[in-house]
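Here is what each chain is made of, one letter per residue.
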Amino acid sequence: MSKLVTIFGGSGFVGRYVAYRMAQAGWRVRVACRRPEAAGFVRTYGVVGQVEPVICNIRNDESVRSVTREADAVVNCVGTFDRKGKNNFDAVQDDGATRISRIAAEEGVAHLVHLSAIGADTDGASLYAKSKGRGEKGILEHFPNAVILRPSIVFGPEDQFFNRFAAMTKMGPVLPVVGADTRFQPVYVGDVADAAAMAAQGKAAPGIYELGGPDVHTFRELMQMMLDIIRRRRLIINIPFLPASGLGAVMEAGQTLTLGLAPAQITRDQVTSLKSDNVVPEGAKGFAELGLEPTALEAVLPDYLWRFRPSGQYAAMKESAKDVSGKLDTH
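What you are looking at is a predicted structure, and each value in this text was computed from that prediction instead of being measured. (Residues numbered from 1 in each chain as written. Predicted model: local features only at pLDDT ≥ 70, side-chain atom pairs only at ≥ 80, totals over all residues. Heavy atoms only, no water.)

## Brief notes about the pairing of strand E5 (residues 111–115)
Our working definition: The classification of residues rests on relative accessible area computed with a 1.4 Å probe and restricted to protein chains. Under 20% of the type maximum is buried, over 50% is exposed, and intermediate values are partly exposed. Secondary structure follows DSSP: runs of H or I at least 4 residues long count as helices, runs of E at least 2 residues long count as strands, and numbering of each begins at the N terminus. Only strands that DSSP links by at least two bridges are regarded as paired with each other. Orienting the strands away from the viewer, one traces the path from the first strand over the helix to the second; a clockwise path indicates a right-handed crossover.
Of all five residues that make up E5, four are buried, and the element is covered over most of its length. Of the strand pairs in this sheet, strand E4 (residues 73–76) and E5 are connected by four bridges, and their pairing is parallel. When the sheet's bridge partners are listed, Val74 is paired in E5 with Leu112. A crossover links E4 with its parallel partner E5, the connecting element being helix H3 (residues 89–106), and its sense is right-handed. Bridge count for E5 against strand E6 (residues 147–151) is three bridges, and the pairing is parallel.

## Digging into the packing of H3 against helix H4 (residues 127–142)
Note the cut-off: Here, axes are lines fitted to C-alpha atoms. For helices the fit covers the stretch in contact, and angles between N-to-C directions go from 0 to 180 degrees. An angle below 35 degrees is treated as roughly parallel, one above 145 as roughly antiparallel, one from 65 to 115 as roughly perpendicular, and anything else as oblique. Contacts are assigned to residue pairs with any non-hydrogen atoms lying within 4.5 Å of each other. When residues are grouped by polarity, Ala, Val, Leu, Ile, Met, Phe, Trp, Tyr, Cys and Pro land in nonpolar, Asp, Glu, Lys and Arg in charged, and all others, Gly among them, in polar.
For the pair H3 and H4, interaxial distance at closest approach is 8 Å and the crossing angle is 10 degrees. In this view, H3 runs roughly parallel relative to H4, as classed from their interaxial angle. Residue-level inspection shows Phe89, Asp90, Gln93, Asp94, Ala97, Thr98, Ser101, Arg102 and Ala105 of H3 in contact with H4, the latter providing Leu127, Tyr128, Ser131, Lys132, Arg134, Gly135, Gly138, Ile139 and His142. A breakdown of the residues in the contact of H3 with H4 according to their chemical character gives six nonpolar, seven polar and five charged.

## Quick notes on the state of the cysteines
Keep this limit in mind: Cysteine sulfur atoms that come within 2.5 Å of each other are treated as a disulfide pair.
In this structure the tally under the stated criterion is zero disulfides. Here Cys33 stays free of any disulfide, with the sulfur of Cys56 as its closest cysteine sulfur at 8.7 Å. Assessed through its relative accessible area of 8%, Cys33 is described here as buried.

## A short note on the pattern of salt bridges
Applicable threshold: Within this document, salt bridges are pairs made up of a side-chain nitrogen of Lys or Arg and a carboxyl oxygen of Asp or Glu, the two lying within 4 Å of each other.
Counted under the stated rule, the structure contains 16 salt bridges. A salt bridge links Arg21 to Asp194, with the nearest nitrogen and oxygen atoms 2.5 Å apart. In this pair, Arg21 is assigned in helix H1 (residues 15–24) and Asp194 in helix H6 (residues 189–200), connecting sequence segments 173 residues apart. Residue Arg21 is classed as partly exposed on the basis of its relative accessible area, which comes to 22%. Owing to a relative accessible area of 28%, Asp194 belongs among the partly exposed residues under this scheme. Arg65 is paired through a salt bridge with Glu106; the nearest N and O atoms lie 2.7 Å apart. Taken together, the residues Arg65 in helix H2 (residues 61–68) and Glu106 in helix H3 connect sequence positions 41 residues apart. Three or more residues joined by partner-sharing salt bridges are found here, namely Asp61, Arg65, Arg99, Arg102, Glu106 and Glu107.

## Notes on the environment of Ala97
The topology assignment puts Ala97 in helix H3. Separated by 35 residues in sequence, Ala97 and Lys132 have C-alpha atoms that sit 9.0 Å apart. Discounting residues that sit within four places of it in the chain, Ala97 has contacts with Asn76, Val92, His114, Gly135 and Ile139.

## Describing the sheet that holds strand E3 (residues 51–55)
Strand order across the open sheet formed by seven strands is E3-E2-E1-E4-E5-E6-E11, with parallel pairing between neighbours. Only two strands of the sheet have a single neighbouring strand rather than two, namely E3 and strand E11 (207–211). Going from strand to strand, the sheet's axes swing by 20 degrees on average, the running direction of each strand aside. Along the sheet, H1 makes contact with strand E1 (4–8), strand E2 (28–33), E3 and E4, crossing E1 at roughly 175 degrees. Set on the sheet, H3 makes contact with E1, E4 and E5; between it and E4 the angle comes to about 180 degrees.

## A word on the nonpolar core
Defined as follows: As used here, the term nonpolar core means buried Ala, Val, Leu, Ile, Met, Phe, Trp, Tyr and Cys residues forming a set that is joined through side-chain atoms within 4.5 Å.
Core analysis: the largest hydrophobic core is formed by 71 residues, its most contacted members being Phe162, Met223 and Leu305. At nine residues, H6 tops the list of elements feeding residues into this core. Residue contacts for Phe162: discarding those within four places in its chain leaves Phe155, Leu222, Met223, Met226, Leu297, Leu301, Tyr304 and Leu305. The next biggest cluster of nonpolar side chains, apart from the first, holds 19 residues, and it includes Leu4, Cys56, Ala71 and Leu112.

## Section: the packing of aromatic side chains
Put simply, the rule reads: Here the aromatic set is Phe, Tyr and Trp, taking the six-membered ring for Trp, and pairing holds for ring centres within 6.5 Å; pairs whose planes are under 30 degrees apart are stacked, those over 60 apart are edge-to-face, and all others are tilted.
One pass over the structure, following the stated rule, counts 13 aromatic pairs. Centre to centre, the rings of Phe161 and Phe165 are 5.5 Å apart; their planes meet at 70 degrees, and the pair counts as edge-to-face. When sorted by exposure, Phe161 lands in the same class as Phe165, which is buried. Judged by centre distance (5.5 Å) and plane angle (90 degrees), the ring pair of Phe165 and Phe219 falls under edge-to-face.

Below is the structure:
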């Protein structure tokens, strides 16, 4: 019988790519998520019955244990940007991650892979970074041979970074950002999934791997690259950190008063995170040690951002027609 991997958050942005790669490698895949009825699409990643979405609440021991039994490998892709509520930073990224590693060790799982983030640090500046750091600490206490992956901003067709800002360009001539000079090293979701799949199959040495793409850009440069791809002109305005924190406080209050119906577009903790560069530290293990070559932004962004162009899928056609017309006019 083929080996079994349990992927917590396997229907999410990164998790679905990991699930696909594990299925293509011949593994049985158990996709553990809160809403399996909405994760039916993962079944198509393999043959009938190979990939199964199952319900799981990582805040509950028995729920985690029920989907971990008999697994040869476990991959944890669960994360959150919510500071409050039941599924907050601590519940998901600290307690949840620690619970998964403890139960994986108790159930005799051979390989554990955890998706963290660059900047994870128990003494970090932001609550997000601290919770990620505590989660890593808990994992290594119970599963010292785990592989921990720390990606920078992850991009891909379903991302909530480039898609979000591209959508904002439809609202007016100005594109506001916080931390315009903060540096990022965006990494392609497929590359992160490749690293996770390697580790789940025991093809990566235990330890922490910092994952970044081939290039480093400031926030402003990333937004300009996006604007060039979607053929839109917008004025990129940097919002200073102090007023941005105030704006975050107002939005958080609005979210609380509306019981979450008006989610905060930015929070104070996110503003704190944006004060620090999000790049691979010098000397850290990364893609090179895994034998992988990261994908450049330019090779992927046009494939899914084209829908934000003024003419959408017809933009390239119109540009070609204009070029031909221009050449004819010169003769």
